[in-house]
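Geometric and topological summary
One-letter residues, chain by chain:
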Amino acid sequence: MKKKIFSGVQPTGNLHLGNYLGAIKNFVSLNNDDKNECIFCVVDLHAITVSQDPAILRENIRETVATFIASGIDPKKSIIFNQSQVSAHSEAAWILSCIARMGWLNRMTQFKEKAGKDKEKASVGLYSYPILMASDILLYDSTHVPVGNDQKQHLELCRDIAQKFNNDFKVEDFFKIPEPLIQKEFSRIMSLKDGSKKMSKSELSDLSRINLTDEEDQIMNKIKKAKTDSLPIPSNVKELNSRPEARNLIGIYSSLTNSTLENALGNFSGKNFSEFKENLSEILIDKITPISNDIKKLLKDKSYLDKTLEDGCEKANKIASKKVKKIHDIIGF
Ligand code: AQP
């Protein structure tokens, strides 16, 4: 049995190292394994849960496709498409919003974080976002969903919705119950300015993240200015627990070099951060600049990116519209 993989990225600009190490890097290895059928979605319906400039959104959709391809996802092997062009997503989201319970949604921590203190002014879409995410996943009978750690709770909600639908309508196994694929280590990359906040596209300070389109000098400058503390690099992992910024930088190093935290510490223990930062910058430049150059090249060929989406949408639509038709039959439309 092939694994059916589904995941999405919002086209909200500034795709960063957290998106890469937490999600896209994993997408690439799943794409490269012939035992998997992969679908990678540019989730533009999710992006409009906060306000977007239409012209910038259109460009960000293309930039997200370019980032997928530049990172190593092959559109001939995997389906790449944008959510808004397959209407089954919006339709299934309405139906599943009649299955999901208010109490379940009220527990979602991401809504609380994103809506902040003024939740009365947040869009209804931001609140019900996890139901749309469940529709995205369930429409394709996905068995596995590679996401960063921050999406774990949403995936649990998706499983609850699928189970309730199957039970309510006595259609055992109609919706497959998907498994999260979350990397055990470094699944949450933190801000370069504050080790307690996740690296994020919407953070105002550009110095808080490494963008996948950053140039060499920007990467060097951001790592140089990244927050650390005045102590030298410790010799054991336990000591990192009370030093979030140091843990984050060493975690990024380990993730990029596919080594353990212990090995990374072994190379630098007792040294000061300036030497470590020089090494980290070099590794980041080696990894990010080829991706950054390819994104820029691909962005010049809009018709190729649009055609990639068009082909992907056609394939996704075939699968999703069949599933929606079955949902209609089950619920009595
Ligand atoms: N800091 C992170 N560390 C690890 N993984 C992360 N992801 C996001 N930030 C980190 C993972 O990237 C995938 C795509 O995320 P998204 O674009 O759909 O939305 P997000 O999680 O809301 O990303 P941001 O950067 O925080 O965007 P804004 O600021 O717009 O809200 C997901 O699998 C996510 O887990």
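Residue numbers restart at each chain and count upward from 1, following the sequence in its written direction. Thresholds applied to this predicted model are a pLDDT of at least 70 for local features of residues and 80 or more for the giving and counting of side-chain atom pairs; totals over whole chains, interfaces and linings are not thresholded and use all residues. The side-chain figures draw on all heavy atoms in the structure; neither hydrogens nor water molecules are used.

Examining the site of the ligand
Applicable threshold: A cutoff of 4 Å decides nearness: a residue is near a molecule or strand if any of its heavy atoms lies inside that distance of it. Counting of polar contacts relies on pairs of N or O atoms within 3.5 Å, with two restrictions inside protein: one atom must be capable of donating a hydrogen and the other of accepting it, and residues adjacent in sequence are counted only when both atoms are side-chain atoms. Calculation of accessible area relied on Shrake-Rupley with a 1.4 Å probe; when residues are assessed, cover is drawn exclusively from the protein chains displayed. The definitions used throughout rest on a 1 Å grid laid over the protein atoms alone, on which a cavity is an enclosed set of points accommodating a 1.4 Å probe that cannot get out and a pocket is an open set flanked by protein within 12 Å on both sides along at least five of seven lines; lining residues are those having an atom within 4 Å of a point. Occupancy of a cavity or pocket is assigned to a molecule whenever over half of its atoms lie within 2 Å of that pocket's grid points. Helix and strand definitions here come from DSSP, where helices need a minimum of 4 consecutive H or I residues and strands a minimum of 2 consecutive E residues; each element is numbered from the N-terminal end.
Inspection of the region around the ligand gives 22 residues, with Lys114, Asp150, Ser200, Lys201 and Ser202 positioned closest. The side chain of Lys198 places a nitrogen or oxygen atom 2.9 Å from an oxygen atom of the ligand. Contact between the ligand and Ser200: an oxygen atom at 2.6 Å from a side-chain N or O atom of the residue. Across the complex, the protein chains shield 96% of the 650 Å² of accessible surface that the ligand would expose by itself. Taking a 2 Å distance to the grid points as the criterion, the majority of the atoms of the ligand fall inside the largest pocket. Those elements that place two or more of their residues in the shell around the ligand are strand S1 (3–9) and helix H1 (17–32). Take the shell around the ligand: its biggest share by element is four residues, from H1.

Description of the packing of helix H4 (residues 88–97) against helix H7 (residues 124–138)
The line we're drawing: Note on geometry: axes are C-alpha line fits, over the in-contact stretch for helices, and angles between N-to-C directions span 0 to 180 degrees. Oblique is the label for every angle not falling under 35 degrees (roughly parallel), over 145 degrees (roughly antiparallel), or within 65 to 115 degrees (roughly perpendicular). Handedness of a helix crossing follows the sense of rotation of the near helix relative to the far helix, less than a right angle counterclockwise being left-handed and clockwise being right-handed. Residues count as neighbours in contact if any of their non-hydrogen atoms are within 4.5 Å of one another. Here the term charged refers only to Asp, Glu, Lys and Arg, the term nonpolar to Ala, Val, Leu, Ile, Met, Phe, Trp, Tyr, Cys and Pro, and the term polar to all other amino acids, Gly among them.
Where H4 contacts H7, the axes come no closer than 8 Å and their chain directions differ by 120 degrees. If you check the angle between H4 and H7, you find them oblique. Both H4 and H7 take part in a crossing whose hand is right-handed. Note on element contacts: H7 touches H4 through Ile131, Leu132, Ala134, Ser135, Asp136 and Leu138, opposite His89, Ala92, Ala93, Leu96 and Ser97. Of the residues assigned to the contact of H4 with H7, the class counts are seven nonpolar, three polar and one charged.

Honestly, it's all geometry; don't read function into it.
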